[in-house]
Amino acid sequence: MQQMPRDDEVFAIIGREVERQNTTIQLIASENFASRQVLEATGSVLTNKYSEGYPGKRYYGGNQVIDEVEELARRRVCDLFGAEHANVQPHSGANANMAAYFALLEPGDTVLGMKLDQGGHLTHGSPVNASGKLYHFVSYGVTESDERIDFDALHQVASQERPKLIVAGATAYPRIIDPEPFRSIADDVGALFLFDAAHVAGLIAGGVHPNPVPFADVVTFTTHKTLRGPRGGCILTRADLAEAIDKAVFPGFQGGPLDHVIAAKAVAFHEAAQPEFADYAAAIVRNAAALAEALVGEGFRLVSGGTDNHLMLVDLRTFDPELSGKKARLALDRAGISLNENTVPDDPRPPYIASGLRIGTPAVTTAGMGPAEMATIAALIGRVLRNRDDDAELAAVRDDAATLCSKFTPYPDLA
Ligand SMILES: *Cc1c(COP(=O)(O)O)cnc(C)c1O
């Protein structure tokens, strides 16, 4: 094979990202550390193959081996979640959602999803996203009193608007999303029901959150968040919707699948089926509870008062009315703590500034940290946000963060 000169420039950048992941605290709720075997499959020669179509029905030759890996991925994920049919080809969670809409809806149809400033995702009808441009989205939200999903109001808006589809699932909601009341409301108004499990797929696989598969017509999720696989999406559905979903993904929405990523998804589904993964999922939730309690101890108000999943939302307005989510995120970044700003319910600030922080425990749990480290992290966050203009203090926290990470290094052999 033709040899090309080594690209030192790109590999030096990758090396610096390995170092960043190894030495700073990763609290972005949608991120995780994929295993070495997931990375290995993602970096395999399967990236070379064209395989438009599905196992046994391809448009290109030479797919005997690829068929096996896609079949294996489909079988494993159906077993993991108890689903009748799986499509493992979506390149991302957003693609999985758009393909599902494409399968179930006509342009202009009404869809009921969660308000974006209260936890809903971009693909749940944002006016700047194709979902919001192609479909007529209406929304439900959380109550003012306990900041949990308001099922009475949801039922009311569903009865008025008669949506063709109800979407459950969120990108920033710290509580369990029970699929059962969504199903009964959908049945009452004659709607289909899609559960977007992007964030919580790993918690469901690990048995710590309710499985939406028996209740929803379609379940979409990402494979790279709590599920800890490669970056990608997946769709689960009933046998009678299988053909419509498959056609919507290909040829409806995508071209050739990413077979290297599908192999890595198969690895992740295998990992998620192990008993150790149930321990991992329980540990994520335990760590989130510990971090939430410690943050309350530092004087922060949490949306809904706490968490029962892998994430929490800090409402900074009571801590310091001058401190926006964005300012807080920038200060924490300088101190070696990585997270994102997020709107809180009825946020007076726009989404790119926001009044809250979203904090998640999947990655730090993968790294091996436990409740004691969560208390340390809460104290570091408190120090940064109380001393955000003090460069020496931010540098000191950065050193402390590196010391903590040196005991919980996700990729010691890549360094
Ligand atoms: C992350 C997320 C998605 C989109 O996933 P991408 O892979 O980033 O496209 C969709 N829905 C929800 C609820 C999410 O949290």
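Above this text sits the structure in question.
The paragraphs below set out a description of the structure included in this document. Along every chain, residues carry numbers that run from 1 in the direction the sequence is written. Given that the model is predicted, a residue must reach a pLDDT of at least 70 before its local features are reported, and side-chain atom pairs must reach 80 or more before they are shown or counted; all residues, however, enter totals for whole chains, interfaces and linings. Just so you know, side-chain values use all the structure's heavy atoms and leave hydrogens and water out.

1. A few points about the overall build of the protein chain
Move 1: Note on conventions: DSSP H or I runs of at least 4 residues are helices, E runs of at least 2 residues are strands, and numbering of each starts at the N terminus. Looking only at helices and strands, one finds 15 helices and 15 strands in the protein chain.
Move 2: Over its C-alpha trace the protein chain gives a radius of gyration of 22 Å, about what one expects of a compact globule, namely 22 Å for 415 residues.
Move 3: With the C-alpha coordinates aligned to their principal axes, the bounding extent of the protein chain is approximately 65 × 60 × 40 Å.
Move 4: A separation threshold of at least 6 residues defines the contact pool for the protein chain, and within that pool the share at least 24 residues apart is 72%. For the radius of gyration, the atoms used are the C-alpha atoms, and the globule rule reads 2.2 Å times the number of residues raised to 0.38. Between two residues, a contact is recorded if the distance between any of their heavy atoms is within 4.5 Å.

2. Quick notes on the side chain of threonine 220
Move 1: Looking at where threonine 220 falls in the secondary structure, it is placed in strand S9 (residues 218–222).
Move 2: Looking at threonine 220, the relative accessible area reads 1%, which means it is buried.
Move 3: Residues adjacent in sequence count toward polar contacts only when both atoms are side-chain atoms; beyond that, a polar contact is any pair of N or O atoms within 3.5 Å, and within protein one must be able to donate a hydrogen and the other to accept it. Among the polar contacts listed, one links the side chain of threonine 220 to the side chain of asparagine 97, at a separation of 2.7 Å.
Move 4: Once you skip the residues sitting within four places of it in the chain, threonine 220 turns out to touch Ala96, Asn97, Ala100, Leu194, Phe195, Asp196, Ala197, Ala198, Cys234 and Ile235. Partly exposed residues are those whose accessible area sits between 20% and 50% of the maximum for their type, while under 20% is buried and over 50% is exposed, using a 1.4 Å probe and protein chains only.

3. Quick look at the packing of helix H3 (residues 64–81) against helix H10 (residues 259–272)
Move 1: In contact at an axis separation of 9 Å, H3 and H10 are set at 35° when each is read in the N-to-C sense. Taken as a pair, H3 and H10 cross one another with a handedness that is left-handed. Where H3 abuts H10, its residues Ile66, Val69, Glu70, Ala73, Arg76, Val77 and Leu80 lie against Asp259, Ile262, Ala263, Ala266, Val267, Phe269, His270 and Ala272.
Move 2: Of the residues that constitute the contact of H3 with H10, the class distribution is 11 nonpolar, one polar and three charged. Convention adopted: a line fitted to C-alpha atoms gives each axis, helices being fitted over their contacting stretch, and angles between N-to-C directions are expressed from 0 to 180 degrees. In this scheme, a crossing is called left-handed if the near helix is turned counterclockwise away from the far one by less than a right angle; it is called right-handed if the turn is clockwise. Asp, Glu, Lys and Arg are counted as charged, while Ala, Val, Leu, Ile, Met, Phe, Trp, Tyr, Cys and Pro are counted as nonpolar; the rest, among them Gly, fall into the polar class.

4. So, the site of the ligand
Move 1: The cutoff for a nearby residue is simple: one of its non-hydrogen atoms must lie within 4 Å of the molecule or strand. Surveying the vicinity of the ligand reveals 13 residues, the closest of which are Gly93, Ala94, Asp196, His199 and Lys225.
Move 2: At 2.9 Å from an oxygen atom of the ligand is found a main-chain nitrogen or oxygen belonging to glycine 93.
Move 3: The accessible surface values rely on the Shrake-Rupley method and a 1.4 Å probe; as for residues, cover is taken only from the protein chains in view. Protein chains bury 86% of the 380 Å² of accessible surface belonging to the ligand in isolation.
Move 4: Broken down by element, the shell around the ligand gets its largest block of residues, three residues, from helix H4 (residues 93–104).
Move 5: Of the residues contributing to the shell around the ligand, the split by class is three nonpolar, eight polar and two charged.

5. Describing the packing of helix H12 (residues 325–334) against helix H15 (residues 391–406)
Move 1: Contact pair H12 / H15: the axes reach a minimum separation of 8 Å and the direction vectors enclose 60°. With respect to each other, H12 and H15 are oriented oblique. Residues Ala331, Asp333 and Arg334 of H12 form the contact with H15, whose own contacting residues are Asp391, Leu394 and Arg398.
Move 2: Each residue belonging to the contact of H12 with H15 can be placed in one class, and the counts come to two nonpolar, no polar and four charged. Comment on the angle field: the value is read as roughly parallel under 35 degrees, roughly antiparallel over 145, roughly perpendicular from 65 to 115, and oblique elsewhere.

6. Concerning the pairing of strand S15 (residues 356–360)
Move 1: Within S15, five of the five residues are buried, which leaves it mostly tucked inside the rest of the structure.
Move 2: The side-chain alternation of S15 yields two buried faces, one formed by Gly356, Arg358 and Gly360 and the other by Leu357 and Ile359.
Move 3: Pairing analysis gives five bridges linking strand S12 (residues 311–315) to S15, with the strands arranged antiparallel. By the bridge assignment for S15, valine 314 is matched with leucine 357.
Move 4: Where strand S14 (residues 340–342) lies against S15, three bridges are found, and the strand directions are antiparallel. At least two DSSP bridges between two strands are required for those strands to pair.

7. Comments concerning empty space enclosed by the protein
Move 1: Think of a 1 Å grid over the protein atoms and nothing else: a 1.4 Å probe that fits but is trapped marks a cavity, an open set flanked by protein within 12 Å on at least five of seven lines marks a pocket, and residues with an atom within 4 Å of a point count as lining. Grid points are joined across faces, edges and corners, and a volume is the space filled by probe spheres set on the points. A complete count under the given rule lists four cavities of 30 Å³ or more for this structure.
Move 2: In this structure, the largest cavity encloses a volume near 130 Å³.
Move 3: Taken together, 17 residues line the largest cavity, and the ones lying closest to its centre are Ala170, Arg175, Ile177, Val200 and Asn309.
Move 4: The class makeup of the residues in the lining of the largest cavity is 10 nonpolar, five polar and two charged.
Move 5: Looking at which domains feed residues into the lining of the largest cavity, each of domain 1 (39–272) and domain 2 (279–414) gives three or more. Here the limits of each domain have been adopted from an automatic or database domain assignment.

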